[in-house]
Every structure is written in structure tokens, then in C-alpha cells.
Amino acid sequence: MKILVTGTAGFIGSHTARRLIDRGDTVVGLDSVNDYYDVTLKYGRLAESGIAHDAVRPGETVQSAKFPNYRFIQLKLEERDALTALFEREKFDVVCHLAAQAGVRYSLENPHAYI
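As the structure is a computational prediction, the values presented were derived from the model and not from experiment.

Caption draft 1: Highlighting the overall build of the protein. The secondary structure content of the protein amounts to four helices and five strands. Put simply, the protein runs from its N terminus to its C terminus through helices and strands in the order β-α-β-α-β-β-α-β-α. Scaling as 2.2 N^0.38, a compact globule of 115 residues should have a C-alpha radius of gyration of about 13 Å, and the protein matches this with 14 Å. Projected onto the principal axes, the alpha-carbon positions of the protein cover approximately 40 × 30 × 25 Å. Among the 115 residues that make up the protein, the fraction classed as buried is 36%. By sequence separation, contacts in the protein at least 24 residues apart represent 55% of the contacts at least 6 residues apart. A gap of 4 Å separates the mean positions of the 14 positive and 15 negative side-chain charges of the protein.

Here it is, written out as C-alpha cells:
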């Protein structure tokens, strides 16, 4: 099965993607890798899945060096055209949508960051 997992640089998303990879699914991980919290943590999680920090570029798919059934793309969910193109190209069977931005106070101060 081909699965898109959003939020794969986050704690829950990275663990979910790894379980699916280990299960034998083909996984495309997606994350914006924004700086809402320490990006070093995010890039560390990506490195654990075989995605090198220096290989990550916005909008470009990166093949994992550890797992042949895993690829990653840095992409914001707000980028509708790029997201639509990704869906058209990949033909996902399932989407596991875990991307989120925590912070109730921040959402009150900056609601457009959550739309």
C-alpha cells in the first residue's frame, strides 16, 4: 500500500511512518519543517529514517538512504498546487494526516498560521 504520512518530522509522525515502513508499506513522508520548535529535533528524526539534512529542499522528493520504501518531501500543506501535483503523481492509497502545529496561545495570536 502507498501511504502519505504528513508531519513526519514530528514525534508521532516519524514513529508512525517508521511502523508503516517496517510493515512493508511504501511511505511518502511530508513535513514543512517549520521553525515553530527546534528544527534540529526535526532533522534528527528525518536522519533516523535515512533522510539527510543537506538533501532536503522545499518541494523536492528525497529517497531514504536506509529504507527503499520511504521518501520524504518538504512541503507546506498550504501550497495547494504543489500538494495537488503530489497527489496526482503518487496516487496514494491512504493518507495518514498527522501534521499539526501545537500552541493554543499562538493560534489566538496568529490564526492564519493554522489555516
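That shown, we press on.
Caption draft 2: Geometry of helix α2 (residues 39–48). Within α2, burial applies to Lys42, Tyr43, Arg45 and Leu46. Buried residues in α2, looked at end-on, bunch into an arc of 155 degrees, giving them a common side. In α2, the exposed positions angled more than 90 degrees off the buried face are occupied by Thr40 and Glu48. On the buried face of α2, the contacting elements are α1 (11–23) and β4 (70–74). Where α2 begins, the side chain of Asp38 points an oxygen toward the backbone nitrogen of Thr40, at a separation of 2.9 Å.

Caption draft 3: Seen up close, unusual backbone geometry. Of note in the backbone geometry, Val33 takes a positive phi value of approximately 50 degrees without being a glycine. With respect to the helices and strands, Val33 occurs in the loop between β2 (26–31) and α2. Taking relative accessible area as the criterion, Val33 reaches 8% and is therefore assigned buried. Even without glycine at this site, Lys91 takes up a positive phi of about 55 degrees. Structurally, Lys91 can be placed in the loop between α3 (80–90) and β5 (94–97).

Caption draft 4: Molecular detail of the packing of aromatic side chains. Inspection of every chain in the model, using the stated rule, returns one aromatic pair. Measuring from centroid to centroid gives 5.3 Å for Phe87 and Phe92, while their planes differ by 75 degrees, and the two rings are edge-to-face. Classification of Phe92 as buried rests on a relative accessible area of 14%. Just above the ring of Tyr37 sits the side chain of Lys42; from NZ or CZ to the centre is 4.5 Å.

Procedures and definitions
Residues numbered from 1 in each chain as written. Predicted model: local features only at pLDDT ≥ 70, side-chain atom pairs only at ≥ 80, totals over all residues. Heavy atoms only, no water. Helix = DSSP H or I, 4+ residues; strand = E, 2+ residues; numbered from the N terminus. Rg over C-alpha atoms; globule rule 2.2 N^0.38 Å. Buried < 20%, exposed > 50% of the residue type's maximum accessible area, 1.4 Å probe, protein only. Contact = heavy atoms within 4.5 Å. Lys, Arg positive; Asp, Glu negative; His and termini not counted. Charge placed at Lys NZ, Arg CZ, Asp CG, Glu CD. Arc of directions from axis to C-beta. Polar contact = N/O pair within 3.5 Å; in protein donor to acceptor, adjacent residues only side chain to side chain. Phe/Tyr/Trp six-rings, centres within 6.5 Å; stacked < 30°, edge-to-face > 60°. Lys NZ or Arg CZ within 6 Å of the ring centre and 35° of its normal.

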